[in-house]
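# Structural description and commentary
What follows is each chain in one-letter form.
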Amino acid sequence: MLAYAIRRLGQSLFVLVLMSFLVFIGVFAIGDPIELLVNPQADEVERIRATAALGLDKTFLEQYWVFLKGAASGDLGKSFVYNVPALSLILQKLPATIELAFVAMVMAIFLGIPLGLVAGLKPDSLVGRGIMAGSILGFSLPTFWVGLVLIMVFSVNLGWLPSNGRGETTLVAGIPVSFLTLDGLAHIAMPAVNLALFKLSLLIRLTRAGTREAVLQDYVKFARAKGLTQGRVIGVHVLKNILIPIVTVIGLELGSVIAFAIVTESIFAWPGTGKLLIDSINQLDRPVIVAYLLVIVTLFIVINFVVDVLYSMLDPRVRLGGAAAAH
Amino acid sequence: MSDPILSAPAGPLAETTPGAKGGVAGPWSRFRADFAESRLALFGLALLVVILLVGLLAPVISPQNPYDLAQLDIMDSKLAPGERSADGSTYWLGTDDQGRDMLSGIFYGLRISLGVGIASTVFALAIGLVFGLVAAYFGGWVDTLVMRIVDIQLSFPSILIALILLAVLGQGVDKIVIALITVQWAYYARTVRASALVERQKEYIEAARVLALGQARIVFRHLLPNCLPPLIVVATVQVAHAIALEATLSFLGLGLPITEPSLGLLISNGFQYLLSGKYWISFYPGIALLLTIMAINLVADQLRDILNPRLRK
Amino acid sequence: MSGPPLLQVDGLRMHFFTKAGVVKAVDDVSFSVGRGEILGLVGESGSGKSMTGYSIIGLVDPPGRIVEGRIVFDGTDLTRLDAAAWRGVRGSRIAMIFQDPMMTLNPVLRIDTQIVEAVQAHADVSRESALARAREALVRVGIASPDERLRAYPHQFSGGMRQRVAIAIALVNGPDLIIADEPTTALDVTIQGQILFEMQKVCRESGTALIWITHDLSVVAGLADEVCVMYAGRFVESGPVADILDRPLHPYSRGLIDSVPSRNARGRPLRQIPGMTPSLLSLGPGCPFRDRCTSATARCAESPSVTEPSPGRRLRCFHPNA
């Protein structure tokens, strides 16, 4: 187990360095930030001074080296626009994004798995067909457009929910969160639903397919032959088997939820990292873009690692270092 | 297996058993029959045909050319659906802030969205196909290298990769097609490799090798056709993905330039008027986008079911 | 035999209502099993023998449905039970084991979980006493060091061991009847013998009745007291095992017996039944075997009724073998 973890960690580190290089090349090629940052009326001396101050006069490799040295000590450079460390800018916005992604994922999981189970157990019933039709629709709805329709209905027409911002937040362990106040809940409701919709459809399909396959298995028939209640047969025998692929997908989708939060945050003006990224791209704020990507990549790597561990806990057949087969 | 009745060799007592009804119908008509089994899929297909025709014929069937400034009248700006213009023509879906007929705008937007989606899919398919076949056929380090790149790429959400690429490349139809190709090729490479690896083990490839056929011939005449079914399914799904992704990127202001408004850009344009209740500028292009993606998904679902040998009964 | 039998299946019909039409998987089947008796239910694949087993334990899934007949078990007609009452019977008084031991145990649950839940589904006992019963059941089917086995997962066992575990689960609540659906078919021949022996011993000891579903007459020969032969969903004939094997009356049973390789027929070509099993979908009235039967006459287009040619023997045929 330990050797496996170390090897995984090594691989992850390699991916991280590789990504940082690719990202750096890419971002390095984006426009000339000086054009945007320095007053157009400024003279040549001023421009040169600004270029030097931002370290943009050095060659690409020098800039990368400076960046790497800084990154190793947790310094990802200063934002050109805000003139504060890019990393702290990201970390300051990260809780909002994580909260949004988390609430969306919880919604998707706690609605998607039960709905998928129902649809899988009764595929030909009206309810089963209805759930499936809903999930096809959810799959086809463009996320950003759903966001607009939500605003149109609940903010403009009905006036029930606010269309932007986080609302009132409370501090939990020094981190501001929205979901503990009524106002905050009203603010997070629409963005979370918006973000959850696609994953919800995905989980419904996945659970339905898994359930349909599982109920045909002999072990389900055997479990029923033992006289177990329907609840136990489905809740333990079926669910535990279909949960294995589902947990994997949920883990992998967690990353994509954070990425798609970029869109949702832009629509609902949710002050998270996604909105920061779009703003930074528009303002050519290179250090922030790089910092965002590295933080996200790190997050993905951590998530993948956790998913692997969870997976091996759920499925005894892949359990690492398990007992040898007895005959 | 040990069933004495079923496995006994044909003896003198055996009559010639009438074989199962021979396949009178060819594979194509069987495919059509299978597809038509789902009414929902047929509906999707019909819808898709209509959408493709609208996209193709947009300049012919649109009430106006929305990008010919001479045809626009700023007095007609932001008219609600069904309202009439100064010169008496009706705007069934209303007009945008420039006084552009939304219906015509949607027809033209559909054309661009479909074009970008299909073009990027075709290119990505070609690239993925080549890499996937090469990886599967040669194996070894070539395979490892290609698949590592594919794995790393697929572990990142497509929208993130596309976003960064567009941030680097800038706006334009060509740029967004490049971005969409980049995020898509890996899916094809993985699909092709997986099915090619299965096919490679089969005897007919061995037979082709024994016949000393050229490698290119084996790959393209023998391996490729047998990898097609899963590829068709993935490609259909990916067209829908590509269209949705392009719309999203355009909505974020990183996709197409304002001179070539796809559906996503139309929706984005209407966003600022949404809060004042002028919903139609965003709403109707969204419906068009939704119908397009849904039609493709319905067709893809059915294709997946009938081309999947595991689900075949 | 004294008193009413433990299980009396009477005119059972179980049909599948599919899009393509009604599939008469079980069509008028009757037999009985006495307490502690072993019945061999024999037929080819598709003869409806497994479906008969599922009907008895109430595991027929839609679109399948019991349309007619009674299944009287210890005085109660099972076909009239509601879901809750069924659950009380299943696993407690009637148990079932299946063909493929690789598939019957849940791969992601430990053995102890899978046995304990079977105990606790029917008795309000603590986990400890349920475990004690589990241990006992494992020992009875010949598993040494049960404690170690209980903590393992199915994939850590061989096929034979898994089938023993499945049998232990079937036995754990001391059922009156076990339905065994070809439980040795998927196993090696040597393991097959062991399981057969074990099963027979355990049932004799505990007085458990057994319905052994199989296509393999040689298995039945050494195991069962009575045999019931099925063909195309219908009852063919039944009687004491030695009687049937020595003197099959129905041409189909005769064909089945003749197609089993035997020692004293060495060197001679094996005989086989010509033709193939008819589709249950298009099956009309009349004897389903008549197209393959050498003694068939025009009369066989009608359905023969069940006769009792001699005490303990029942038969459905117009032209029994002499």
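To start, this report covers the structure provided alongside it.

Calculation rules
- Residues numbered from 1 in each chain as written.
- Chains lettered and ligands numbered in written order.
- Predicted model: local features only at pLDDT ≥ 70, side-chain atom pairs only at ≥ 80, totals over all residues.
- Heavy atoms only, no water.
- Pairing = 2+ DSSP bridges.
- Helix = DSSP H or I, 4+ residues; strand = E, 2+ residues; numbered from the N terminus.
- Contact = heavy atoms within 4.5 Å.
- Axes fitted to C-alpha atoms, helices over the stretch in contact; angles between N-to-C directions.
- Disulfide = S-S within 2.5 Å.
- Salt bridge = Lys/Arg side-chain N within 4 Å of Asp/Glu carboxyl O.
- Nonpolar A, V, L, I, M, F, W, Y, C, P; charged D, E, K, R; others polar.
- Buried < 20%, exposed > 50% of the residue type's maximum accessible area, 1.4 Å probe, protein only.
- 1 Å grid on protein atoms, 1.4 Å probe; cavity = no way out; pocket = protein on both sides within 12 Å on 5 of 7 lines; lining within 4 Å.
- Points joined across faces, edges and corners; volume = space filled by probe spheres on them.

### Things to note about the sheet that holds strand 1 (residues 7–18) of chain C
Residue and element names in this part refer to chain C. Read from one edge of the open sheet, 4 strands run 2-1-4-5, paired in antiparallel fashion. Of all strands in the sheet, those with a lone pairing partner are strand 2 (21–33) and strand 5 (76–77), marking the two edges. With 10 bridges joining them, strand 1 and strand 2 adopt antiparallel strand pairing. Looking at the pairing, histidine 15 lines up with lysine 24 of strand 2. Each of strand 1, strand 2 and strand 4 (64–73) is contacted by helix 1 (residues 49–57), which is oriented at about 110° to strand 1, the strand it contacts most.

### Things to note about the state of the cysteines
Between two cysteines, a covalent bond joining their sulfur atoms is known as a disulfide. Applying the stated criterion across every chain, the model contains 0 disulfides over all chains. We note that cysteine 287 of chain C lacks a disulfide partner, and the nearest cysteine sulfur, in cysteine 300 of chain C, lies 5.9 Å from it.

### Regarding the interface of chain A and chain B
The interface is formed by 41 residues belonging to chain A together with 36 residues belonging to chain B. Counting every contact that joins chain A to chain B gives 1 salt bridge. Between aspartate 301 of chain B and arginine 205 of chain A there is a salt bridge; the shortest N-O distance is 2.9 Å. If you tally residues by element for the side of chain A that touches chain B, the top one is helix 10 (residues 230–268) of chain A, at 8 residues. Taken together, the residues of the side of chain A that touches chain B sort by class into 32 nonpolar, 7 polar and 2 charged.

### With respect to the pattern of salt bridges
Residue and element names in this part refer to chain C. Evaluated as defined, the whole model comprises 31 salt bridges over all chains. Between arginine 13 and aspartate 27 there is a salt bridge, with its nearest N and O atoms 2.8 Å apart. With arginine 13 in strand 1 and aspartate 27 in strand 2, this residue pair connects regions lying 14 residues apart in the sequence. Taking relative accessible area as the criterion, arginine 13 reaches 23% and is therefore assigned partly exposed. Under the relative-accessibility criterion, aspartate 27 is labelled buried at 7%. One network of salt bridges, with partners in common, ties together Arg13, Asp27, Asp28, Glu68, Arg234 and Arg316.

### Structural notes on empty space enclosed by the protein
It is a probe the size of a water molecule, rolled over the atoms, that shows where empty space is left. Scanning the entire structure with this criterion turns up 3 cavities of 30 Å³ or more. What lines the largest cavity is a set of 13 residues, and nearest its centre among them are His250, Cys287, Cys293, Cys300 and Cys317 of chain C. When the residues that make up the lining of the largest cavity are grouped by side-chain class, the tally is 9 nonpolar, 3 polar and 1 charged. Lining the second largest cavity, in full, are Phe222, Ala225 and Lys226 of chain A together with Gly91, Ala95, Met96, Ile169 and Ala170 of chain C. For the lining of the second largest cavity, the secondary-structure elements that each account for two or more residues are helix 9 (218–225) of chain A together with strand 6 (94–97) and helix 7 (159–171) of chain C. Classifying every residue of the lining of the second largest cavity by side-chain character gives 6 nonpolar, 1 polar and 1 charged.

### Side note on the pairing of strand 4 of chain C
Residue and element names in this part refer to chain C. Judged from the 8 bridges that link them, strand 1 and strand 4 form a sheet pairing that is antiparallel. Bridge pairing links phenylalanine 16 to glycine 64 in strand 4. Relative to strand 5, strand 4 is paired through 2 bridges, and the arrangement is antiparallel. Paired with phenylalanine 73 across the bridge in strand 5 is threonine 76. Hairpin connection, strand 4 to strand 5: the antiparallel pair is bridged by 2 residues, and aspartate 74 has positive phi, about 50°.

### Focus: the sheet that holds strand 11 (residues 314–315) of chain C
Residues and elements named next belong to chain C. The strand order across the open sheet formed by 7 strands is 6-7-8-3-9-10-11, and the pairing between neighbours is mixed. Of all strands in the sheet, those with a lone pairing partner are strand 6 and strand 11, marking the two edges. Bridge analysis of strand 10 (residues 234–240) against strand 11 gives 2 bridges, and the strand direction is antiparallel. Counted as the bridge partner of serine 238 is arginine 314 from strand 11.

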